[in-house]
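# Architecture at a glance
Read off the chains here:
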Amino acid sequence: MAPVTTTQRTVLAGARVVLPSGVVENGRITVDGTRIAANEQAEQATHDLAGRGYTLVPGFVDIHNHGGGGASFTSGTAEDVLTGVRTHREHGTTTVVASTVTESLDALGRQAALLSELVEQGDLAGIHYEGPFISPCRKGAHDETLLRDPDPATVRKLVEAGRGAAKMVTLATELPGGIESVRLLADLGVIAAIGHTDAGYEQTAAAIDAGATVATHLFNAMPPLQHREPGPIAALLEDERITVELINDGTHLHPSVLELAFGSAGADRVAFITDAMDAAGFGDGMYDLGPLKVEVLQGVARLVEGGSIAGSTLTLDTAFRRAVTLDGISLTDTVQAISANPARLLGMSDRIGSLEPGKDADLVVLDEEYAVVGVMRRGAWVVRPEGRL
Ligand SMILES: [Zn+2]
């Protein structure tokens, strides 16, 4: 006999609610157990949010994230990973993909095994391999001695090490084996992401034709856009098959460049990511990023050797607030880029990414300055809004 479960019905009312169809003032979200039951029904409120200027949005989805809360997804223990996950959850990110950096294949295989267990438990949504198949010319904060060409057999091995949890591989598709590897990843149902690349315009277009669908942190770690040499950026921006990752921390991209890219790709082709490292939600200091040393000063992470930017200390609530208050991006477009699009890329649109009936009750309550005052994940409060609740 099935165990009897009592589900609690929560009706959040009186806030502005951002739905796929638009913004509803004085909207209503009904949560039943772990799911959203309704987003319009006029049920009796159990939680009255009226009169505070609150906005309810879907939980954020981060497809590129190396850690937070002082802990690393890239090289940490299971406990470390959960610390990072918890930190990002408190900032509204209810779905996280863990990103690795370039390490030896053995080390990556071991970390993938650990991460895949956390995916199985539902704490992570997948694994993103960033490196080792990247260009030495655009290596960013990756250990050059461990880089390698994307030969398809090695790519397959790494995907298999993730035991079904590998969701995305960033690669420089112009390297030997690059195009074949893109085809292989597309066949395996894993996102081929173009990044840390030195490819030109035509080479990038060929990789898109082969099945690549994501641009890893567009603009960062790739040749710049030039008027006679459009390079990868123009190819990635103009092709409707590509979703571009943007790091909206004010350090990786000048706001005007971010706005230009957002406008050019359109709201349904942008994914806001953090590319966060351990210092996100934690603080300045010395950290490791895989095998490399990183110093974080005033929230900016740089390699001790060479000074390359080494990931961010961003959390997605800050990316959200910047988009709406500084970049002039509408609430619905911001929600699209921070929740719906990444959910679609992960193949999880049936469960997350919008506040629609039947989906997981993953939601964020923002105050009038767009600071997080509440986070609910699968119907349970991670951060409980204060007041009459
Ligand atoms: Zn990264």
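What counts, and at which threshold
- In every chain, residue numbers begin from 1 and rise along the written sequence.
- Note on the predicted model: pLDDT of at least 70 is required for a residue's local features to be given, and 80 or more for side-chain atom pairs to be given and counted; whole-chain, interface and lining totals, by contrast, use all residues.
- UniProt positions are given in the numbering used here, feature names are shortened, and annotations may be inferred rather than shown by experiment.
- Helix and strand definitions follow DSSP, with helices as H or I runs of at least four residues and strands as E runs of at least two, each counted in order from the N terminus.
- Just to be clear, the radius of gyration here is over C-alpha atoms, and the globule rule we use is 2.2 Å times residues to the power 0.38.
- Three exposure classes are used. Buried residues have 20 or more other C-beta atoms within 10 Å of their own C-beta, exposed residues have 12 or fewer, and partly exposed residues fall in between, all C-beta atoms being placed from the backbone.
- Two residues qualify as a contact pair if the distance between their C-beta atoms, derived from the backbone, is within 7 Å.
- The pairing criterion for strands is at least two bridges between them, as found by DSSP.
- Orientation is described by axes fitted as lines to C-alpha atoms, over the contacting stretch for helices, and by angles from 0 to 180 degrees between their N-to-C directions.
- Each domain's extent is set by a domain assignment, obtained either automatically or from a database.
- For this classification, the nonpolar set comprises Ala, Val, Leu, Ile, Met, Phe, Trp, Tyr, Cys and Pro, the charged set comprises Asp, Glu, Lys and Arg, and every other residue, Gly included, is treated as polar.

Per an unreviewed UniProt entry, the protein chain goes by the name N-acetylglucosamine-6-phosphate deacetylase and belongs to Actinacidiphila yanglinensis. Annotation of the protein chain in UniProt includes, under Catalytic activity (unreviewed entry), the sentence "N-acetyl-D-glucosamine 6-phosphate + H2O = D-glucosamine 6-phosphate + acetate". Recorded in UniProt under Pathway (unreviewed entry), the annotation for the protein chain is "Amino-sugar metabolism; N-acetylneuraminate degradation; D-fructose 6-phosphate from N-acetylneuraminate: step 4/5."

### Some words on the overall build of the protein chain
Summing up its helical and strand segments, the protein chain has 9 helices and 21 strands in all. In terms of overall dimensions, the protein chain is globule-like: its C-alpha atoms have a radius of gyration of 20 Å, near the 21 Å expected for 389 residues. Taken along the three principal axes of its C-alpha coordinates, the protein chain extends 60 × 50 × 40 Å. The proportion of buried residues among the 389 residues of the protein chain is 53%. Long-range contacts, defined here as pairs at least 24 residues apart, represent 68% of the contacts in the protein chain between residues at least 6 apart.

### Some points on the sheet that holds strand E15 (residues 270–273)
Sheets are built from strands paired through backbone hydrogen bonds, the pairs being either parallel or antiparallel. Strand order in the open sheet made by the 8 strands is E6-E9-E10-E11-E12-E13-E14-E15, with parallel pairing throughout. The sheet is open, and its two edges are formed by strand E6 (60–62) and E15, each paired on a single side. Pairing geometry for strand E14 (residues 243–247) and E15, over 4 bridges, is parallel. Note on E15: the bridge partner recorded for Val244 is Val270. Set on the sheet, helix H1 (residues 78–90) makes contact with E6 and strand E9 (93–100); between it and E9 the angle comes to about 140°. On the sheet, helix H7 (residues 255–265) packs against E14 and E15 and is oriented at approximately 160° with respect to E14.

### Thoughts on the environment of Ile63
Within the element layout of this structure, Ile63 appears in the loop between E6 and strand E7 (67–68). Look at Ile63 and you get buried, because 28 C-beta atoms sit within 10 Å. C-alpha separation for the pair Ile63 and Leu146, spaced 83 residues apart in sequence, amounts to 24 Å. In contact with Ile63, not counting residues within four places along its chain, are Val97, His128, Met168, Ala271, Ile273, Pro342, Leu345 and Leu346.

### Thoughts on helix H8 (residues 316–325)
For H8, the tally of buried residues reaches 7 of 10 residues, placing the bulk of the element in the interior. Among all positions in H8, only Leu316, Asp317, Thr318, Ala319, Phe320, Arg322 and Ala323 are buried. Where H8 is buried, its residues touch E6, E9, E15, helix H9 (331–345) and strand E20 (372–377).

### Digging into the UniProt feature "domain: Amidohydrolase-related" (unreviewed entry) in the protein chain
Under the UniProt annotation, "domain: Amidohydrolase-related" (unreviewed entry) lies at residues 55–382. Secondary structure content for residues 55–382 is 32% helix and 22% strand, while the C-alpha to C-alpha distance between its ends is 17 Å.

### A short note on the UniProt feature "active site" (unreviewed entry) in the protein chain
Mapped onto the present numbering, the UniProt feature "active site" (unreviewed entry) falls at Asp275. The topology assignment puts Asp275 in the loop between E15 and strand E16 (285–289). Here Asp275 falls in the buried class, since 28 other C-beta atoms lie within 10 Å of it. With sequence-adjacent residues up to four places away left out, Asp275 is seen in contact with His64, His66, His217, Ile247, Gly311 and Ser312.

### A look at unusual backbone geometry
Note that the residue after Gly131, namely Pro132, is joined by a cis bond; omega there is 15°. Residue placement: Pro132 occurs in the loop between strand E10 (126–130) and helix H3 (152–161). One non-glycine residue, His217, lies in positive phi territory at about 20°. Overall, His217 belongs to the buried group, with 24 C-beta atoms counted inside 10 Å.

### A few points about the domain arrangement of the protein chain
Split into domains, the protein chain comes out as domain 1 (9–58 + 353–383) and domain 2 (60–345). A C-alpha centroid distance of 29 Å is found between domain 1 and domain 2. Each partner contributes residues to the interface: domain 1 has 16 residues there, and domain 2 has 19 residues. Elements represented by at least two residues in the side of domain 1 that touches domain 2 include exactly strand E2 (22–32), strand E5 (55–58), E20 and strand E21 (380–383). For the side of domain 1 that touches domain 2, the per-class residue count stands at 11 nonpolar, 3 polar and 2 charged.

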